[in-house]
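# Secondary and tertiary structure notes
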Amino acid sequence: MDLRIFTEPQQGATYDTLLTVAKATEDLGFDAFFRSDHYLRMGSVDGLPGPTDAWITLAGLARETRRIRLGTLMTAGTFRLPGVLAIQVAQVDQMSGGRVELGLGAGWFEEEHKAYGIPFPKEKFARLEEQLEIVTGLWGTELGKTYDFHGTYYDLTDSPALPKPAQAKIPVLVGGYGATRTPRLAAKYADEFNIPFASVEDTERQFGRVRAAAEEAGRSGDDLIYSNALVVCVGRDEAEVARRAAAIGRQADELKLNGLAGSPAEVVDKIGRYAETGASRIYLQILDLDDLDHLELISSQVQSQLS
């Protein structure tokens, strides 16, 4: 089971804070550092000092880390034109020496679009499908040849399809709860399917849909990696769990029900239940980015039992 650190910087984090967490992620043996792609805080937090851009952040971290994978859960398709996104991600992949992964979603948080003057189209899912086609098509175009795409929302003519990533193929993540269109997109474009904040039962159901869609598309269901994103709150005793839960504005009992919370043994046991659904990777949502002792505890007493 791969454990990856997943952050939500829109809730309040500077680049320096993210760099500190990314370096701890690397030093403590976790597989990857991922971040959300949002420009507006959610809930009652103040979000200070304000948002950081996902791909600018990852470009910086690409030069400051050496081993960990870097990526997004999920880049909002509404934020960037697909041709520009392909350039940005390929460049960060080069800067990292080939350690980037792209999670790409339709975008959903209308308020942040209003706050920063970003168009919020109704037909987001159809746009996402064209974006996935374009981004992967640009990267996959043979060097020296050009790429054309003529769709409903985007039109590319004689694109040189440059730059190329450092990796032969940047892993693409698709995720979500949709029963039909989401599995179809994952089957067509994704190397990994991720379901966020889902129960074991909902995870098993959705993974089954994606496997079925992959088989229908002519792929083996085992071609994809299956992963979860879950909030994590681990403590050596109940008091420490309660303290960490309170620090992120949650209750320990609720986190045990809806996330990975409790003692290291409890968390390892619950991760095992997700593993039984076919998950081989967990993105641990870390909401208190100043609590580096939390990461150390997870590394020494949870990750050590899963490796």
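Residues numbered from 1 in each chain as written. Predicted model: local features only at pLDDT ≥ 70, side-chain atom pairs only at ≥ 80, totals over all residues. Heavy atoms only, no water.

## What about the environment of Tyr177?
Put simply, the rule is: Where helices and strands are cited, they refer to DSSP runs of H or I of at least four residues and of E of at least two residues respectively, numbered from the N terminus. We call two residues contacting when some pair of their heavy atoms lies within 4.5 Å.
Tracing the backbone through its elements, the reader meets Tyr177 in the loop between strand 8 (172–175) and helix 6 (181–189). Sequence separation between Tyr177 and Asp27 is 150 residues, and the spatial gap between their C-alpha atoms is 33 Å. Tyr177 has contacts with Ile195, Pro196, Phe197, Ala198, Gln206 and Arg209, leaving out every residue within four places of it along the chain.

## Notes on the side chain of Gln206
We apply this condition: Burial here depends on accessible area, computed with a 1.4 Å probe over protein chains only, as a share of the maximum for the residue type. Under 20% is buried, over 50% is exposed, and the range in between is partly exposed. N or O atoms within 3.5 Å of each other form a polar contact, as long as, within protein, one can give a hydrogen and the other can take it, and as long as residues adjacent in sequence are counted only when both atoms are side-chain atoms.
Position of Gln206 relative to the elements: it lies in helix 7 (residues 200–216). A residue is classified by how much of its surface remains accessible, and Gln206, at 1% relative accessible area, is buried. Within polar-contact distance, the side chain of Gln206 engages the backbone oxygen of Gly178 at 2.8 Å. When residues no more than four places from it in sequence are discounted, the contact partners of Gln206 are Gly176, Tyr177, Gly178, Ala179, Thr182, Pro183, Phe193 and Ile195.

## So, the pairing of strand 9 (residues 192–196)
Basically, it comes down to this: Looking down the strands as they point away from the viewer, one classifies a crossover as right-handed if the path from the first strand across the helix to the second runs clockwise. Pairing between strands is defined by DSSP: at least two bridges between them are needed.
Of all five residues that make up strand 9, four are buried, and the element is covered over most of its length. On the question of chirality, the crossover connecting strand 8 to the parallel strand 9 by way of helix 6 is right-handed. In terms of strand pairing, strand 9 meets strand 10 (residues 225–234) through five bridges, oriented parallel. By the bridge assignment, Pro196 is partnered in strand 10 with Ala229.

## Focus on the nonpolar core
The test is simple: Here the nonpolar core consists of buried residues drawn from Ala, Val, Leu, Ile, Met, Phe, Trp, Tyr and Cys, with membership extended through side-chain atoms lying within 4.5 Å.
Judged by nonpolar contacts, the single largest core of 75 residues is most densely connected at Trp55, Leu102, Trp139, Leu260, Leu284 and Val302. Beyond its immediate sequence surroundings of up to four residues, Leu284 is in contact with Leu3, Arg4, Ile5, Phe6, Phe30, Leu230, Val232, Leu260 and Ile298. Counting eight residues, the second-largest nonpolar core is a separate cluster that includes Cys233, Ala252, Leu255 and Ala261.

## What about the environment of Leu306?
Residue placement: Leu306 occurs in helix 11 (residues 292–306). Sequence separation of Leu306 and Glu276 is 30 residues, and the distance between their C-alpha atoms is 13 Å. Ignoring sequence-local partners within four residues, the contact set of Leu306 consists of Met1, Leu3, Val268 and Ile271.

## Notes on helix 1 (residues 15–27)
Counting along an α-helix, one turn takes 3.6 residues, and residues three or four places apart therefore face a common direction. Put simply, the test is: What a helix is expected to span follows from its residue count: subtract one and scale by 1.5 Å.
With 13 residues, helix 1 should cover 18 Å at 1.5 Å per step; its first-to-last C-alpha distance of 18 Å lies within 8% of that length. Listed in full, the buried residues belonging to helix 1 are Leu18, Leu19, Val21, Ala22, Ala24, Thr25 and Glu26. Contact partners of the buried residues in helix 1: strand 1 (2–7), strand 2 (32–35), helix 2 (54–64) and helix 11. With its phi angle positive at about 85°, Gly29 sits one or two positions after the end of helix 1.

## Regarding a negative patch on the surface
Filter applied, for reference: Patch building starts from residues that exceed 30% relative accessible area and form no salt bridge, then joins like charges within 9 Å and nonpolar side chains (Val, Leu, Ile, Met, Phe, Trp, Tyr) within 5 Å. The protein chains shown are the only cover counted for residues, whose accessible areas, like all others here, come from Shrake-Rupley with a 1.4 Å probe. Note on definitions: salt bridges are taken to be side-chain nitrogens of Lys or Arg within 4 Å of carboxyl oxygens of Asp or Glu. Charge counting follows a simple rule: Lys and Arg are positive, Asp and Glu are negative, and His as well as the terminal groups are ignored. Taken as the charge centre is NZ of Lys, CZ of Arg, CG of Asp or CD of Glu, depending on the residue.
A cluster of acidic residues, Glu201, Glu204, Asp269 and Glu276, forms a negative patch at the surface. Within the element layout of this structure, Glu201 appears in helix 7. Under the relative-accessibility criterion, Glu201 is labelled partly exposed at 46%.

## Here we look at the pattern of salt bridges
Taken as a whole, this structure holds 23 salt bridges when the rule is applied. Among the salt bridges present, the one from Arg80 reaches Asp37, with a minimum N-O distance of 2.8 Å. You can see Arg80 sitting in the loop between strand 4 (75–76) and helix 3 (82–96) and its partner Asp37 sitting in the loop between strand 2 and helix 2, a full 43 residues away along the chain. Across this residue pair, the class does not change: Arg80 and Asp37 are buried.

## Examining unusual backbone geometry
Omega for the peptide link from Leu73 to Met74 comes to -25°, which places this bond in the cis form. In this chain, Leu162 is followed by Pro163 through a cis amide linkage whose omega measures 0°. Among the secondary structure elements, Pro163 is positioned in the loop between strand 7 (155–159) and strand 8. Non-glycine residue Asp158 carries a positive phi angle of around 55°. At Phe197, a position not held by glycine, the phi torsion is positive, near 55°. Of note, Phe197 is situated in the loop between strand 9 and helix 7.

## Digging into the packing of helix 6 against helix 7
In plain terms, the rule: Here an angle of 0 to 180 degrees is reported between the N-to-C directions of two axes, which are lines fitted to C-alpha atoms, with helices fitted over the stretch in contact. Every angle not falling under 35 degrees, over 145, or within 65 to 115 is termed oblique; those three ranges are roughly parallel, roughly antiparallel and roughly perpendicular. Crossings are classed by handedness, with left-handed meaning an anticlockwise turn of the near helix from the far one by less than a right angle and right-handed meaning a clockwise turn.
Direction vectors running N to C along helix 6 and helix 7 enclose 55°, while the axes themselves pass 8 Å from each other. As far as their axial angle goes, helix 7 and helix 6 are oblique. Taken as a pair, helix 6 and helix 7 cross one another with a handedness that is right-handed. Contact residues: helix 6 offers Thr182, Pro183, Arg184, Ala186 and Ala187, while helix 7 offers Gln206, Arg209, Val210, Ala213 and Ala214.

As far as function goes, none of this settles anything; it's purely spatial.
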